[in-house]
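# Report on the structure
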Amino acid sequence: MSDDGTKKVALIASQGTLDWAYPPFILASTAAALDMEVAVFFTFYGLPLLCKDLKAKVSPHANPAMPMKMPFGPKGFQDFQWPIPNAVSGVVPGFDTFATSMMKKQFKNKGVATIEELREACVELEVKLIACQMTMDVFGFKREDFIDGIDLGGAATFLEFAADSDVSLFI
Amino acid sequence: MSDITPTQELDARGLNCPLPVHRTKQAIKGLESGDVLKVIASDPGSVADMAAFSRRTHHEILDQSEGDGEFVFFFKVK
């Protein structure tokens, strides 16, 4: 907790697929909307979520429990769960791109915000977005690859904030 | 129907979690203490979420109702 009693939320975003991008941005932006002080540390595969050009996709092959449904057509068609064998999702070129566009359409149909919108809300609500300096060096990212309004830092930077936080999650 | 006259009205219908809460927060930012914000949402999850938002931010819910798949909240700005 801060000295003035404000609740603090410390999150680590370690995954960069579209589905994994939602939890940190939803929680961070909403915590800030609830007058909490929030920091998100973007490390390893979570780091590209700070890139100006967001390319996050879903990966059905790596997530066999992902419901495979179509976001258009009659209700019976939309409710049908497509049994896509791993042998198909793993080898068909562009399968992730196709599944990603279906997922994005479904989100839009259901009134779910895009990652870009949630990230913008985080910046507006003054969420501290910290890019992991070590991950930048390892994967060759530069400061100018990222959106404005972020900080660079390392484990100690995050832990100093997290040490007196009320909520701390590794995502 | 509530007889409270809102200062401002927010249509959050069609939006899903967490957008109704976000839009409410944004709208309240532009209002002054004592003003009343009316929010209309269609997300059933907003009933629990608006209550949580109110408890944490101390913007009081003066009145709320639901019907025809819509949920209406009256917030008094702190």
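Residues numbered from 1 in each chain as written. Chains lettered and ligands numbered in written order. Predicted model: local features only at pLDDT ≥ 70, side-chain atom pairs only at ≥ 80, totals over all residues. Heavy atoms only, no water.

## Quick notes on the overall build of chain B
Helices and strands together make up the secondary structure of chain B, namely two helices and four strands. Of the regular secondary structure in chain B, the N- to C-terminal order runs β-α-β-α-β-β. Taken against the 2.2 N^0.38 rule, which gives 12 Å for 78 residues, the C-alpha radius of gyration of chain B at 11 Å falls within 12% of a compact globule. With the C-alpha coordinates aligned to their principal axes, the bounding extent of chain B is approximately 30 × 25 × 20 Å. Counting the 78 residues in chain B, one finds 44% classified as buried. For chain B, long-range pairs separated by at least 24 residues make up 66% of all intrachain contacts whose partners lie at least 6 apart in sequence. (Helix = DSSP H or I, 4+ residues; strand = E, 2+ residues; numbered from the N terminus. Rg over C-alpha atoms; globule rule 2.2 N^0.38 Å. Buried < 20%, exposed > 50% of the residue type's maximum accessible area, 1.4 Å probe, protein only. Contact = heavy atoms within 4.5 Å.)

## What to know about the pattern of salt bridges
Taken as a whole and judged by the stated rule, the model has six salt bridges over all chains. Salt-bridge contacts for Asp35 of chain A lead to Lys25 of chain B; the nearest nitrogen and oxygen are separated by 2.4 Å. Here the residue Asp35 of chain A occupies a position in the loop between α1 (18-33) and β2 (37-42), and Lys25 of chain B occupies one in helix α1 (residues 19-29), the pair thus bridging two chains. Judged by its relative accessible area of 33%, Asp35 of chain A is partly exposed. The exposure class of Lys25 of chain B is buried, given its relative accessible area of 9%. Among the ionic pairs, Lys55 of chain A bridges to Asp53 of chain A, the shortest N-O distance being 3.5 Å. As far as burial versus exposure is concerned, Lys55 of chain A and Asp53 of chain A are alike and both exposed. (Salt bridge = Lys/Arg side-chain N within 4 Å of Asp/Glu carboxyl O.)

## Quick look at the packing of aromatic side chains
If you walk through the whole model with that rule in mind, you get twelve aromatic pairs over all chains. We note Lys8 of chain A situated over the ring of Phe161 of chain A; from NZ or CZ to the ring centre the distance is 4.3 Å. (Phe/Tyr/Trp six-rings, centres within 6.5 Å; stacked < 30°, edge-to-face > 60°. Lys NZ or Arg CZ within 6 Å of the ring centre and 35° of its normal.)

## Considerations on the pairing of strand β3 (residues 128-132) of chain A
Residue and element names in this part refer to chain A. A large share of β3 lies buried, amounting to four of its five residues. For β2 and β3, the ladder comprises four bridges, and the chain directions are parallel. The residue of β3 that forms the bridge with Ala39 is Lys128. Bridge count between β3 and strand β4 (residues 151-153): three bridges; the pairing is parallel. Following the sheet pairing, Ile130 is matched in β4 by Asp151. (Pairing = 2+ DSSP bridges.)

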